[in-house]
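# Summary of the model geometry
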Amino acid sequence: MTGTEYRLCDVALDCSFRTRDARVEREQALAIVELLESNTFTPIGHDGGPYRLKIETADGRLALHVNDDNGVHVVSHYLSLTPFRRLLKDYTRICESYYDAMCRPGPERLEAIDMGRGIHNAAAELLRQRLSSKVSIDKATARRLFTLMYALLGRNAEHRILSS
């Protein structure tokens, strides 16, 4: 088997993530494209993929349903968002600071990038740990998957999961 078999080939979102904000929908689509371009995704104890991931909300958690390329169920993982709430809020503030800093020259731009990178890395490592009983992902995939979580939850401030 080659390493390309242990990857995501599709990511689908539940309709609960739809929003009327075109900017947020573009960010979600871009996060999915970036995740699909390069990832390592290995369900524990499974022979190989590629895999299809469906993300939905369930009782205040993210439900991650993994099927193989033929649609056969491989594993589901219900990810509590409680440990991620502070990181998502901090990352949102950092991204806003970064966007503001882009409009002005100076050291603020670099500071925003450095702070964002640290929070992004911490969130990615937490995500790897929380998924480790069902799915193994590398650091780069964890960063991309957290970016998708941010696009799904952090950019949509009215989303019920973060506000509960």
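Being a predicted model, the structure only gives us computed values, none of them experimental. (Residues numbered from 1 in each chain as written. Predicted model: local features only at pLDDT ≥ 70, side-chain atom pairs only at ≥ 80, totals over all residues. Heavy atoms only, no water.)

## Digging into the overall build of the chain
Along the chain, the regular secondary structure elements total five helices and six strands. Listing every helix and strand of the chain by position from the N terminus yields β-α-β-β-β-β-α-α-β-α-α. Residues counted as buried form 42% of the 164 residues belonging to the chain. Residue pairs in contact within the chain that sit at least 24 positions apart in sequence constitute 64% of those at least 6 positions apart. Here the chain has roughly 8,900 Å² of accessible surface; of this, 50% comes from carbon and sulfur atoms. (Helix = DSSP H or I, 4+ residues; strand = E, 2+ residues; numbered from the N terminus. Buried < 20%, exposed > 50% of the residue type's maximum accessible area, 1.4 Å probe, protein only. Contact = heavy atoms within 4.5 Å. Areas by Shrake-Rupley, 256 points an atom, 1.4 Å probe, with all protein chains shown as cover.)

## Things to note about the environment of Lys-54
If you trace the backbone, Lys-54 turns up in strand E3 (residues 51-58). Between the C-alpha atom of Lys-54 and that of Ser-76, which follows or precedes it by 22 residues, the distance is 9.4 Å. The contacts of Lys-54, once residues within four sequence positions are left out, are Ala-12, Asp-14, Ala-63, Leu-64 and His-65.

## Overview of the nonpolar core
Where a protein is soluble and globular, its nonpolar side chains tend to be buried together. By size, the foremost hydrophobic cluster in this structure holds 40 residues, and its most contacted members are Ile-55 and Leu-148. Per-element accounting of this core gives the leading share, nine residues, to helix H4 (residues 139-154). Among all residues touching Leu-148, those that are not within four sequence positions of it are Val-11, Gln-28, Ala-31, Ile-32, Leu-35 and Ile-55. (Core = buried A, V, L, I, M, F, W, Y, C linked by side-chain atoms within 4.5 Å.)

## Here we look at the pattern of salt bridges
Under the counting rule described, the total for this entry stands at four salt bridges. Note that Asp-10 and Arg-52 form a salt bridge whose closest N and O atoms lie 3.5 Å from each other. One end of the pair, Asp-10, is in strand E1 (residues 8-13); the other, Arg-52, is in strand E3, and 42 residues separate them in sequence. On the basis of relative accessible area, Asp-10 is assigned to the partly exposed category, the value being 27%. Relative accessible area serves as the criterion here: at 32%, Arg-52 is assigned to the partly exposed category. We note a salt bridge from Asp-90 to Arg-86, for which the minimum N-O separation is 3.4 Å. Of this pair, Asp-90 and Arg-86 both sit in helix H2 (residues 85-102), four residues apart, roughly one helical turn. Classification of Arg-86 by relative accessible area gives exposed; the value is 52%. (Salt bridge = Lys/Arg side-chain N within 4 Å of Asp/Glu carboxyl O.)

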